[in-house]
Structure formats: structure tokens, C-alpha cells
Amino acid sequence: MRVSADGTALPCLHGHGGKAACALAVCVAFLTFLVVALDPRTRASSWLLSSSPPAVFSPTLEKPSSRGSSNGGGPLLVTSSSGAAGKKKNSNGKEVLFRAFAVNATSWPGDVHGATPDYVSVAAPAPSPATESGLGDAANSDGVIQVIPQIHRERDAKLHRLELGLAKARSTIMEASHNKDNRPPLTDKDYVPVGPVYRNANAFHRSYLEMEKLFKIYVYDEGEPPIYHDGPCHNIYSTEGRFIHAMEMENRMRTTDPGLAHVFFLPFSIAKMEKTIYVPGSHTMEPLRRTVFDYIDVLSTKHPYWNRSQGADHFMLSCHDWGPYVSSVDGNLFSNSIRVLCNANTSEGFIPSKDVSLPEINHLNDFKKDIGGPSASGRPILAFFAGGNHGPVRPLLLKHWKGKDPDVQVSEYLPAGVSYVETMRRSKFCLCPSGFEVASPRVAEAIYVECVPVVIADDYVLPFSDVLSWPAFSLRVAVRDIPDIKRILSAVSPRRYIRMQRRVRAVRRHFMLNGVPQRYDVFHMILHSIWLRRLNVRIHEDHVVGD
């Protein structure tokens, strides 16, 4: 990525190919679509809402080294969860075609203490965002998937050292979480996390410092822009593109030696696939799914790392609504890998203990120039929302509150001359209803202007909720309680509101999208969430090398 003289990153420029590479990638993408369209195995496919995917997988660790012509092998030995296939309605009223999991409850960040086991172990999925546990909570050893691949192994000294380092980090973080009230805060030249906005500030700070000291990420070189190593930087999916490009210039935690990596990044962009591979009006995502499947097939054939862990130490990232569905093409990717998703919807298979909720930030709206806002006395409007009437939640909000009450200002579009940002700055609470999917860029926008966010979305796992205590600085209103919004918000006392707004200001640094990433900003918070999930995975020191 290129950086300007003032230190800001120039948009979406890097060294993975130029115009010729982009043109070649587009041609390859088009040929891929033709192959998929003509393949008799995919002719039965149709629109997401009316057809079944080509393969549905149980949420178990799939047998490695059987990739290629098939969609993976059968489950190994032990599974801690079960699922029922078939169509059902999710919280957004859509038909869900991949599995919704009924799983055992577990603590997060999982079993971070004790001896290293002789198997790959992955923390079991948590059942719902309502019962999320966070960093520093007690571990539950009953919800761990234990897998012993019945395949020849050979000793891997590098992996052994990596796992020893992670075991030490787990112990250090657990000690910090248990001694949060008995020790002074750790020193830090930039920032010391303190206060009720954190579930456990001391454990978070220790974990963040351990991440900076140890964490190494390998980005696969395979693939060319625009589908790989590229992403959108100036639209509603900008978090996806900004992360990909930040990883391209990351030099502290990125490693070029895969033997030193704790996690492996799959650098494809589903938002770019939608622009280059998906054919409007075709009503099929199969070209996107086939692209992801083939990419993993190449990596698992060329490198040993995917098969070694059945994808459990790999992660993908997508802010596009289609991220969960496209990822379901591969059983290991869907069930084992860390999926970093804006569409963090538990009714669509999002697993809070394994997956990461990605903040949705619309970079078209440059809120950085409007950071901050007045105190409660300068906010005469109780609640505000303006946005398109789509999805299952917003029509209910508009039906009950559009033009009904001057204290609850709800509309589809603001009149000419009325500033969206300034209206947010004049509002005590900013309503953040889900649209087509559960995430909303209004959450970050509200935080930027110090307006207390009110999240209206069922089954949505909020970003960084393993570290942040969202009830300390936001409100959550169930969809069924939309008619009671004014009563609910009016019940917040002035004293409580002042505390909440102060905490919104304190947490804002974690949602800042900087041109050049800075410590504790949104880029590093995403990495920290991935780091925590990696702490929940233990890979045996003898890696899988063949059948």
C-alpha cells in the first residue's frame, strides 16, 4: 500500500499487480462463471432464497487430506454439537439454507489454562449473543471438541515452539484476569484500558500486549487482484477492503515464514467477487462459492497448513452480506475456521466463540472531520433515525414512529438542507436498526459523534463483545419492543445518560478507521479478536503429512 506524505494511506493501492493483472483476473472470473454455469452439477442451483447449496456440513472437524474432487471427508471421532439441516426463517425473515447449530454452552475465551493436550482442540460454539461470556470469564472444559486425526504424523519443532508460547500467553492472561482487583494497571506509553467499558480491563490489556509480542500472521500469496489481496475502501463494505490493505502493509505481526505463523489469512474479497464474478439477474452465488472452494483446494494441495489443523488456524474476512453463505461451501471453512463477518447473525450459523464480529463502517461518510459532539444539554432530540425502508426491522420502526413524535425523529430521508451528521449530534440516542442484514454502520457513526447507540437487531453479536461491555455505553432494544422505544429511552435517568455518553467517548478509539493503523484502533481490535480465537485452538506438535 502506498502512503502519502502526511502518513495517511492512499486508497487501495499495493504491489499485487496492475491493470494487466486485474484484466486477467476478470477474464479468469468470467471463464469460471461459464464453467460453473455449464457444469451439470450446478444447474439445479438457483437463487439463495429458493434453493439448497451443493453441500451442507455438520459442525465437526472434517478429515484432512481428502480435499479436491469432494467436499471433504467425514467427521473425526468426537463432536460437541449437532444441527438440523433444512430451510427455516432467520431473524431477518429469510430462509436459511445452511445449518443452524444447537450447541453446548461454553465460556469465552475458552480453556486458556492447563496442560497442552495431544490433539487439535477447538472451543465449542456459544449458543447465542444473549449469553456471551468474555475475556477473563471462567473457562468451561465440557464444551471442547477433541479430535485426533488417524493419519501418519511427523514432529514439527516450529509448531511445538508456537504452541508453547501460546500456552504461556494463556496462563499469563488468565492470571491477569484473576488478579484484576489486586494489582495496579499495566503501564503503556499510548493507552491503558480502564473502566467499565471493558469486561475485564486488566485481562484485555495483558492479552493485547501478549498479542503484540507474539502474534504472527501469514498471508497467502496465491491469487491476484481484484478478487484477492484487494477490497472496497470507499463504500459500506470498506472495513473489508481497509483490513485487507492494512494487512498488505503490516510489518509487525505479519510474517513471510508460514512456519512461524499462528494464523493464516485467506485474502479473498467477497465484495470484489460480487462485482467481478456475480452476474446480475443470474440469481446464483455458485460462481463465488466455487471460487472460494477452488482457492482452498489450491492452498490445501500446495501447503500443509490447512490440512494440519483442518482450517482451525485460518481466517477469512467479509463485510458483504453474502459472507456466511459463500463460506458454507467448505465444511472446514464454515465450522472450523475463524470467520470475520459483518453479518454476525447467530441465526445464520455465526458462532461467537469461533467467529469474529466485524464492525460495519461506511467510509463514504467521512465522520473523522465530525468526531465528537455536545454534552447531553446540547442534545434536544431524544432519538433519531433516517435511512432506507428495507429489511424486516425498519418497516416496523417507520410504521410506529415515522412523523409521529418530535422526540423520536424517524424518517426515510431527511429534507433538503438538513444535515444527517448534525442531526445525530443533536440527538441523545441514535437508533441503529438492522437492514437487509443485522449489522449497521450507524453503530460506529453514533460512537463517532458521541450519540449513545440503540441497537435494534435480534441475534446480532456486537463487535468486540469478548472485550467490551456494551451495556455500559449502549442500549439494546428487541424488535418486538419497537412500539415502546420512547418509554424505554425516557426511563434512562440524566445521570445514567451522562455516564453512558462519557463511556461512548472512551470506547471510540477502538472503532477508528485510520489510514495508517494505530494501536488499539479498529484494525488492531479485529486482530485481537482473531488472536483470542487462536488461543482457543491447540494444535498437536506432530502435524498431518499425508494419508
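You'll find the structure just up there.
Residues numbered from 1 in each chain as written. Predicted model: local features only at pLDDT ≥ 70, side-chain atom pairs only at ≥ 80, totals over all residues. Heavy atoms only, no water.

In this structure, H400 sits in helix 10 (residues 394-401). Along the sequence, H400 and D484 sit 84 residues apart, while their C-alpha atoms lie 9.5 Å from each other. In contact with H400, other than residues within four places in its own chain, are I482 and P483. (Helix = DSSP H or I, 4+ residues; strand = E, 2+ residues; numbered from the N terminus. Contact = heavy atoms within 4.5 Å.)

Using the criterion set out here, one finds 24 salt bridges in the structure. The partner of R519 in a salt bridge is D188, with the nearest N and O atoms 2.7 Å apart. Of this pair, R519 sits in the loop between helix 14 (494-507) and helix 15 (522-535) while D188 sits in the loop between helix 2 (157-178) and helix 3 (201-214), and the two are 331 residues apart along the sequence. As far as the burial class goes, R519 and D188 line up, both buried. Among the ionic pairs, R206 bridges to E210, the shortest N-O distance being 3.7 Å. With R206 and E210 both in helix 3 and four residues apart, this pair spans about one turn of that helix. Exposure remark for R206: the relative accessible area of 22% places this residue in the partly exposed category. Bridged by salt links that share partners, the residues D188, K189, D190, E212, R252 and R519 form one connected network. (Salt bridge = Lys/Arg side-chain N within 4 Å of Asp/Glu carboxyl O. Buried < 20%, exposed > 50% of the residue type's maximum accessible area, 1.4 Å probe, protein only.)

Attention now moves to the pairing of strand 11 (residues 338-341). Where burial is concerned, the two faces of strand 11 agree: the one with I338 and V340 and the one with R339 and L341 are both buried. Taken together, the four bridges between strand 10 (residues 314-318) and strand 11 define a ladder with parallel strand orientation. By the bridge assignment for strand 11, L317 is matched with V340. Across two bridges, strand 11 lies against strand 12 (residues 356-357) in parallel orientation. (Pairing = 2+ DSSP bridges.)

A few words now on the environment of M253. Mapped onto the elements, M253 comes out in the loop between helix 4 (238-249) and strand 9 (263-265). With residues near it in sequence (within four places) discarded, M253 still touches M211, F215, K216, I217, H524 and L527.

The five strands lie next to each other as 14-13-15-16-17, forming an open sheet whose pairing is parallel. With partners counted over all chains shown, the strands left at the sheet margins are strand 14 (408-411) and strand 17 (475-476), one partner each. Of the strand pairs in this sheet, strand 15 (residues 427-433) and strand 16 (residues 452-456) are connected by five bridges, and their pairing is parallel. Note on strand 16: the bridge partner recorded for C430 is P453. Sheet strands touched by helix 10: strand 13 (381-386), strand 14, strand 15 and strand 16. Its angle to strand 14, the strand with the most contacts, is close to 125 degrees. Where helix 14 meets the sheet, its contacts fall on strand 15, strand 16 and strand 17, and the angle it forms with strand 16 comes to roughly 90 degrees. (Axes fitted to C-alpha atoms, helices over the stretch in contact; angles between N-to-C directions.)

What follows covers the state of the cysteines. By definition, a disulfide is the covalent link that joins the sulfur atoms of two cysteine residues. The final tally for this structure, using the stated rule, is two disulfides. Paired by a disulfide, C319 and C342 hold their sulfur atoms 2.0 Å apart. As the torsion about the S-S bond is roughly -90 degrees, the C319-C342 disulfide counts as left-handed. Highlighted residues: C319 in the loop between strand 10 and helix 8 (323-327) and C342 in the loop between strand 11 and strand 12, separated in sequence by 23 residues. Linked covalently through their sulfurs, C430 and C451 form a disulfide whose S-S length is 2.2 Å. When the S-S torsion is 115 degrees, as for the bridge of C430 with C451, the disulfide is right-handed. A residue pair is termed long-range when its members are at least 10 positions apart, and C430 in strand 15 and C451 in the loop between helix 12 (442-448) and strand 16 qualify at 21 residues. The burial state of C430 is the same as that of C451; both residues are buried. The thiol of C432 is unpaired, and the distance to the nearest cysteine sulfur, on C430, comes to 6.5 Å. (Disulfide = S-S within 2.5 Å.)

Limitation: the analysis is restricted to geometry and does not speak to function.
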